[in-house]
2 protein chains.
Amino acid sequence: MKKLINSIDNVLAESLEGFAAAHADIVELGPERKFVRRTSLKAGKPALISGGGSGHEPLHAGFVGFGMLDAACPGQVFTSPTPDQMLEAAEAVDTGGGVLFIVKNYEGDVMNFDMAREMASGSVATVITNDDVAVENSSYTTGRRGVAGTLVVERIAGAAAEAGADLAALKALGDTVNSATRSMGVALTSCTVPAAGKPTFAIADDEMEMGVGIHGEPGRRRVKLMSADAIADEMVAAIAGDLNGTGEALLLVNGFGGTPLMELYLMYHAAAERLKARGIRAVRSLVGNYVTSLDMAGCSLTVTMLDGKTAALWDSPVHTPTLRWGV
Amino acid sequence: MKKLINSIDNVLAESLEGFAAAHADIVELGPERKFVRRTSLKAGKPALISGGGSGHEPLHAGFVGFGMLDAACPGQVFTSPTPDQMLEAAEAVDTGGGVLFIVKNYEGDVMNFDMAREMASGSVATVITNDDVAVENSSYTTGRRGVAGTLVVERIAGAAAEAGADLAALKALGDTVNSATRSMGVALTSCTVPAAGKPTFAIADDEMEMGVGIHGEPGRRRVKLMSADAIADEMVAAIAGDLNGTGEALLLVNGFGGTPLMELYLMYHAAAERLKARGIRAVRSLVGNYVTSLDMAGCSLTVTMLDGKTAALWDSPVHTPTLRWGV
C-alpha cells in the first residue's frame, strides 16, 4: 500500500485537521472532530447536515458552507458515523429552524441518522438519496444506493434554505431533486482502504466493474475493458431509461479518485452527446473528483433533470471549500 | 493500460471537445482545437496566454477565463504545443494591449513560445516559471523546472490585467511572483502516457521518487517509502530554505492525479505546521489536483510568499472552469 500517511490510526484525524486549517475562513471542527461545521450560522434557517463514511472526499465536508451544508459528520473510512456525531452536530448548528438530514441510502447510515433524529431535541426531517441505478440491492443497501447525486441534493436544498425555505419545504425539495437524479459508475481498478492495506477487490488488467458502488462493492457485472463510448452507451441508457424524461439537465462526470481529468472530460463528451440524442440537454456541468472512492480509477455519471426553479437554485451563490461561485 | 478512452489518437481531441462543451459559458475552442480561448475579451487588456503539453489538467485550459488566462495552447501529452498554436492564439485574443506568454521552463516550450513571439505582429512579453527546487537541471530543462507555481503566476498576473496593468507591469509582476514561489514534488507511482501504454518509469512497491517532475522525470533520488511527516520535512526544508524568508504565504498542496484528497489534506496539515515553525504562515490555501501528471500518485507542495498587493490580487474575482470566486 502506497499512501501519503503517517499511521493508519491517524489518517482521518490528520486529514480533518488539514482540511479545517486550509478552509478556516469557512469551517471549523466540532469537539473531538465529531463533525465539521460552518463557522457562522444564520439564525432561524433550517440546518442541513449530512455525513457518512470517509474516503469519498470532498463529500461531505467539502460541501459545508454558505448555500449548502451547515455540518458534515465524517465516519471512519467507509464506515457510518455514529449517532452521537449527528446528534452533537444537530445541537451545534440548529438555530431554531430545525434540521434536515441528507443521508445516502446505506443501512448503517440510515440507522444511525435515524437514531440521532429520535434523540434530537429539535425538529428533524430526513432526505434519503438513492440515485444509483446500477443495482436494486447491494452489499450495504436495501434498495438503491445513494452516490454522487447526493451533492446535487445538498446544493439545491442548501440554496433554498438560504432563500428562506422552511424545514417541510426543504424536505419536499430534497425528495424531489433526488427523484429527478440518476447515477451509475464504472471502476477500472479497486480502491485500497488504509486499514486493510490491500485492494478491496481483485480485478484483472483487462477487466472493469460496471455499475460499481462507491465503496468498491459489486455492480452489475464484471466485464472486459470497453471503450469510453461503449461505457457511455451503457451508462446513459441505464440512466436515461430510468429517468424516462427529456429536457434540461445537470450532468456531473465524477471521478472516483484515480482517474485523470483528461479522461473525465472525454467521458463528458461521450455522455453529453448520448444524452442529447435522447432529448436530454446538459445545461449545467460539473466535471472532477467530487464523490470518490479513495484511489479507485473510474468514474460515475449523474444526471439531474432541472426546471427553472432548481436551475436557479443551483446557480445561486455558494461558498464551500469545494463548490464556490457568486461569492 | 486502463484508461477511459476510445483510441489513443483521439484522446486529446475528445477531451478538449468535452471541456469546451462543459464550460461553454466561459471558453471556446480555436480552429482545429489549436487553443482554448475566452469567449469574451476585454478590449485593450493585455492578453495572457499559456500552454504546454497535455496531461497536466486542469493546467492550463482550466485557468482560461476572467481574472486569469485569455487563451491556453494544449500540446499532445507531455509534448510542447507548436509555435503556430501560440501564434494563432495570440492573434485571436490580442485586442491591442499586447500579449504575455507564461511559459513553464522546459526547452521545447521555451523555444516554441519564443518562435511564436518572433512571428507575432503585436507586442509580446514572456514570463518563464521555474519554481521547482528539486533539481537544477533535468531531462527536458536547463535550469529549474516550471511546475505548479505556474498557476499562481497566472492567477496574480491575470488579476492585475483585469485591474488595468499594462504589458510591462504584468511582465514585471509575473517575474516577481515567480521569484516568490517554490515547489517540490514526490511520486509514489509512475504515470502512464496513453501513447506509450505502459508506466513511464519503474518503481518498487516500497519506493518513491523524491523531487519528481510533472512528466515523471527523475527528481533528487529514489528512496524508500517515508511517512507523510518525513516527506513534508524534506520538502518544506527545501522550499523554505530556498525562499529564505518569513511572513505570509499561499500554500498549494497539489495532487498529481492518482492521490485521494484525504491524503492531500493530511499533507497540508504536515506542511502548514512545518512552514509555521519556520516563520511562514499559510494565509491562503489551495488543496486538490491542479497541475497533474496523468494518473501519477503523489503530490507537490508550492509556497508563494505574499504581500498586501499580491494577496489582494489573489483574492480578486476569478471565473475559470477550475478556479472561481467573487463572480
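Here goes a summary of the coordinates provided. (Residues numbered from 1 in each chain as written. Chains lettered and ligands numbered in written order. Predicted model: local features only at pLDDT ≥ 70, side-chain atom pairs only at ≥ 80, totals over all residues. Heavy atoms only, no water.)

### A word on the overall build of chain A
Alright, step 1. Regarding its fold elements, chain A presents 8 helices and 14 strands.
Alright, step 2. Computed over C-alpha atoms, the radius of gyration of chain A comes to 18 Å, within 12% of the 20 Å expected from 2.2 N^0.38 for 327 residues, which places it in the range of a compact globule.
Alright, step 3. Across its three principal axes, chain A shows a C-alpha extent of roughly 50 × 50 × 35 Å.
Alright, step 4. The proportion of buried residues among the 327 residues of chain A is 65%.
Alright, step 5. Taking the intrachain contacts of chain A between residues at least 6 apart in sequence as the baseline, contacts between residues at least 24 apart amount to 73%.
Alright, step 6. When the accessible surface of chain A is split by element, carbon and sulfur atoms take 51% of a total near 10600 Å².
Alright, step 7. Across chain A, the mean location of the 27 positive side-chain charges is 4 Å away from that of the 38 negative side-chain charges. (Helix = DSSP H or I, 4+ residues; strand = E, 2+ residues; numbered from the N terminus. Rg over C-alpha atoms; globule rule 2.2 N^0.38 Å. Buried < 20%, exposed > 50% of the residue type's maximum accessible area, 1.4 Å probe, protein only. Contact = heavy atoms within 4.5 Å. Areas by Shrake-Rupley, 256 points an atom, 1.4 Å probe, with all protein chains shown as cover. Lys, Arg positive; Asp, Glu negative; His and termini not counted. Charge placed at Lys NZ, Arg CZ, Asp CG, Glu CD.)

### Observations regarding the interface of chain B and chain A
Alright, step 1. Listed by partner, the interface residues are 57 residues for chain B and 57 residues for chain A.
Alright, step 2. Interface area for chain B against chain A, summed over the two sides, is near 4500 Å², with a carbon-plus-sulfur share of 66%.
Alright, step 3. Of all residues in chain B, B:Lys2, B:Leu4 and B:Met262 give up the largest surface area on contact with chain A, accounting jointly for 22% of the area buried on that side.
Alright, step 4. Scanning the region where chain B abuts chain A turns up 2 salt bridges.
Alright, step 5. Across the pair A:Glu263 and B:Lys3 runs a salt bridge whose closest N-O atoms are separated by 3.8 Å.
Alright, step 6. Contributing elements (two or more residues each) for the side of chain B that touches chain A: helix 1 (11–22), helix 6 (228–243), helix 7 (261–277), strand 11 (280–288), strand 12 (298–305) and strand 14 (324–325) of chain B.
Alright, step 7. Top element by residues in the side of chain B that touches chain A is helix 1 of chain B. It accounts for 9 residues.
Alright, step 8. Here the side of chain B that touches chain A is built from residues that sort into 29 nonpolar, 16 polar and 12 charged. (Buried area = accessible area lost by both parts, 1.4 Å probe. Salt bridge = Lys/Arg side-chain N within 4 Å of Asp/Glu carboxyl O. Nonpolar A, V, L, I, M, F, W, Y, C, P; charged D, E, K, R; others polar.)

### Observations regarding the packing of helix 4 (residues 149–162) of chain A against helix 5 (residues 167–179) of chain A
Residues and elements named next belong to chain A.
Alright, step 1. At a minimum axis separation of 9 Å, helix 4 and helix 5 run at an interaxial angle of 150 degrees. By the angle class used here, helix 4 and helix 5 are roughly antiparallel. Every pair of crossing elements has a handedness; the one defined by helix 4 and helix 5 is right-handed. Note on element contacts: helix 5 touches helix 4 through Leu170, Leu173, Gly174, Val177 and Asn178, opposite Val152, Val153, Ile156, Ala157, Ala160 and Ala161.
Alright, step 2. Across the contact of helix 4 with helix 5, the residue classes break down as 9 nonpolar, 2 polar and no charged. (Axes fitted to C-alpha atoms, helices over the stretch in contact; angles between N-to-C directions. Parallel < 35°, antiparallel > 145°, perpendicular 65-115°, else oblique. Left-handed = near helix turned anticlockwise from the far one by under 90°.)

### Overview of the sheet that holds strand 2 (residues 36–38) of chain A
Residues and elements named next belong to chain A.
Alright, step 1. Ordered in space as 1-2-4-3-5-6, the 6 strands form an open sheet in which the pairing is mixed. Whereas interior strands pair on both sides, the edge strands pair on one side only; in this sheet they are strand 1 (27–29) and strand 6 (124–129). Going from strand to strand, the sheet's axes swing by 20 degrees on average, the running direction of each strand aside.
Alright, step 2. Taken together, the 6 bridges between strand 3 (residues 47–54) and strand 4 (residues 71–77) define a ladder with parallel strand orientation. Across the sheet, the residue bridging to Gly51 is Cys73, located in strand 4.
Alright, step 3. Its contacts with the sheet place helix 2 (residues 83–93) against strand 2, strand 3, strand 4 and strand 5 (99–104), and it is angled at close to 160 degrees to strand 4. (Pairing = 2+ DSSP bridges.)

### Re the sheet that holds strand 5 (residues 99–104) of chain B
Residue and element names in this part refer to chain B.
Alright, step 1. What the 6 strands build is an open sheet, ordered 1-2-4-3-5-6; its pairing is mixed. Looking at strand neighbours, the two that pair on one side only are strand 1 (27–29) and strand 6 (124–129), the edges of this open sheet. Taken over all neighbouring pairs, the strand axes of this sheet differ in orientation by 20 degrees on average, direction set aside.
Alright, step 2. With 6 bridges joining them, strand 5 and strand 6 adopt parallel strand pairing. Residue Leu100 lies in a different strand from strand 6, and its bridge partner there is Ala125.
Alright, step 3. Strands in contact with helix 5 (residues 167–179) are strand 3 (47–54), strand 5 and strand 6; relative to strand 6, the strand with the most contacts, it is inclined by about 5 degrees.

### Some points on the relation of the copies chain B and chain A
Alright, step 1. Rotating chain B by 180 degrees and moving it 0.0 Å along the rotation axis overlays it on chain A with an RMSD of 0.0 Å. These values place the two chain copies in the arrangement generated by a two-fold rotation axis. By C-alpha distance to the rotation axis, the residue of chain B lying nearest is B:Gly258, at 2.1 Å.
Alright, step 2. Interface overlap between copies: 100% of the residues of chain B at the interface are likewise at the interface in chain A, consistent with a symmetric, same-surface contact. (Least-squares fit on C-alpha atoms with pLDDT ≥ 70 in both.)

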